[in-house]
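Descriptive structure summary
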Amino acid sequence: MASRFLAAQLLVVAVSLLAALVVAVAAGPPIFHTHLLMAGRSEGSAALLHAEQAYRDANLIVLAVAVGTALVCALLISAWCARRIRRPLDQLTTAALAMASGSYDTRVQPLEAGTEMDAVAGAFNTMASRLQRTETTRRRMLSDLAHELRTPVSVLTVYVDALQDGVTSWDGPTAELMSGQLRRLGRLIEDIGDVSRAQEGHLTLERTVQSVQDLLGEVAEAHRGVFTAKGVALEVDTGDGAGSVEVDRQRMGQVLGNLLTNALRHTPPGGTVTLRGTAHRPGRLALMVADTGEGIGAEHLPQIFERFYRGDTSRDRDHGGSGIGLAIARALVEAHGGTLSASSAGPGRGAVFTVDLPRPQTHTAGG
């Protein structure tokens, strides 16, 4: 790097000296000669010749000193610039190699080598943080997926072996148990497929304009039985200005159903879950699911929409869900051109999930 800087500096010095030499040799002597004649020196006189020779010698001495000074300055500046840039680049290289070896917690300290290098360091740290979260999610996903598959596969294996060995017979309870485990596997596979297709943009949406009041009422009625069984109140509030929204009715019902199931899971008996629709800003509609349940810690909010993420890792699929429902909901909302966000005042203070969707475009016929 120092050699490249030196070469660049030498190129600038050479071009500058060449320009100075051309001016000193081609333009300087004739001008000096004219001024000597104007000062009264006669053409061809010894005084004129000596003055011109002195002028040429002075120019050569000045150019020689300038060349030496420029070379020394170019060398020093090149070495200083190379050292100033090489140090942060060495830090970035070391950090990148550590990342490549699997150390995703590697971060680069402020380089103090200018705003550009600090921007590079900031971008590197952002990339490292995202890679670390991705790797953490991947490991958790593989672990949870293995856990989700282990129980039904183990149960099916035990019963198949028992049937083959004649220890048990094929009867109603055995058939129901094995069918239940197969349904559990089927739901898991279907959930993974749904979130993958939605996030990859392979879902086909059949959008129609729906009344918000009808949409929320239908979803609420479909889930009211399980809410009643647990002793949790389910309320619907559409207000006066909810109006309509253009969505795939089945898919949006799936989104709201996942959010209601999540809210019910984390709301104790005696609590309340509210399904609300409101036009919260021009051109946008908000569908909200608010509960009075366990709430969400600030450390969990950034990850709750990731696949297989569960804030309480002690919960299994039957009691705490697989962690795919919210990921599916967000992917389906984004497929509709909207956003899904979560907020909470903290543990024990409930949570609010907000689906933000564009309102349908209205067209008027011209006469």
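It should be emphasised that the depicted structure is a prediction, and the values quoted were computed from it without experimental measurement. Residue indices begin from 1 for each chain and proceed along its sequence in written order. Note on the predicted model: pLDDT of at least 70 is required for a residue's local features to be given, and 80 or more for side-chain atom pairs to be given and counted; whole-chain, interface and lining totals, by contrast, use all residues. Side-chain measures were taken over the full set of non-hydrogen atoms in the model, leaving aside hydrogen atoms and water.

A few points about the pattern of salt bridges
Opposite charge on two side chains lets them pair, provided their charged atoms get close. One speaks of a salt bridge when a side-chain nitrogen belonging to Lys or Arg is within 4 Å of a carboxyl oxygen belonging to Asp or Glu. For the structure shown, the criterion picks out 5 salt bridges. Arg249 is the salt-bridge partner of Glu218, the closest N and O atoms lying 2.7 Å from each other. Here Glu218, found in helix α5 (residues 212–230), pairs with Arg249, found in helix α6 (residues 249–265); they are 31 residues apart in sequence, far enough to count as distant. Of the charged contacts in the structure, one is a salt bridge between Arg284 and Asp356, with a shortest N-O distance of 2.5 Å. With Arg284 in strand β5 (residues 284–291) and Asp356 in strand β7 (residues 351–358), this pair connects stretches of sequence that are 72 residues apart. Remark: exposure states derive from per-residue accessible area (1.4 Å probe, protein chains only) relative to the maximum for the residue type, with buried under 20%, exposed over 50%, and partly exposed in between. Residue classification places Asp356 among the buried positions, given a relative accessible area of 7%. Under the scheme used here, helices are H or I runs from DSSP no shorter than 4 residues and strands are E runs no shorter than 2 residues, and both carry numbers assigned from the N terminus.

Thoughts on the nonpolar core
In this structure, Leu259, Leu287 and Val355 are the most contacted members of the largest nonpolar core, which totals 39 residues. Within the residue set of this core, elements represented by two or more residues are α5, β3 (244–248), α6, β4 (272–281), β5, α8 (325–335) and β7. Ranked by residues supplied to this core, first place goes to α6 with 7 residues. With residues up to four places along the chain from it excluded, the contact list for Val355 reads Met252, Val255, Leu259, Leu285, Ala286, Leu287, Val333, Thr339 and Leu340. For our purposes a nonpolar core is just a set of buried Ala, Val, Leu, Ile, Met, Phe, Trp, Tyr and Cys residues, chained together by side-chain atoms within 4.5 Å. With 8 residues, the next largest nonpolar core counts Leu92, Met117, Phe124 and Ala128 among its residues. We call two residues in contact whenever any of their non-hydrogen atoms come within 4.5 Å of each other.

Quick notes on the side chain of Thr238
Mapping Thr238 onto the fold places it in the loop between β2 (233–237) and β3. Look past the residues within four positions of Thr238 in its chain and what remains in contact with it is Val212, Gln213, Leu216 and Gly277.

Topic: the confidence of the model for the chain
Values of pLDDT, ranging from 0 to 100, describe the predictor's confidence in every residue of the model. Mean pLDDT for the chain: 78, with 81% of residues reaching 70 or above. pLDDT under 50 marks residues 313–321. Its contacts with residues more than four places away, or in other chains, come to 19 contacts. Within the model, the stretch residues 363–367 combines pLDDT values under 50 with 0 contacts to residues more than four positions away or in other chains.

Considering the sheet that holds β4
Strands pair in a sheet through their backbones, by hydrogen bonds, and they do so in one of two ways: parallel or antiparallel. Two strands pair if DSSP finds at least two bridges between them. Judged by pairing direction, the sheet is mixed, and its 5 strands sit side by side in the order β2-β4-β5-β7-β6 without closing on themselves. This sheet does not close on itself; its edge strands, each paired only once, are β2 and β6 (339–343). Neighbour-to-neighbour, the strand axes of this sheet turn through a mean angle of 20 degrees, independent of strand direction. Of the pairings in the sheet, the one linking β4 to β5 comprises 7 bridges and is antiparallel in character. Counterpart to Arg276 in the pairing with β5 is Met288. Lying on the sheet, α8 is in contact with β6 and β7; it crosses β6 at an angle near 135 degrees. Convention adopted: a line fitted to C-alpha atoms gives each axis, helices being fitted over their contacting stretch, and angles between N-to-C directions are expressed from 0 to 180 degrees.

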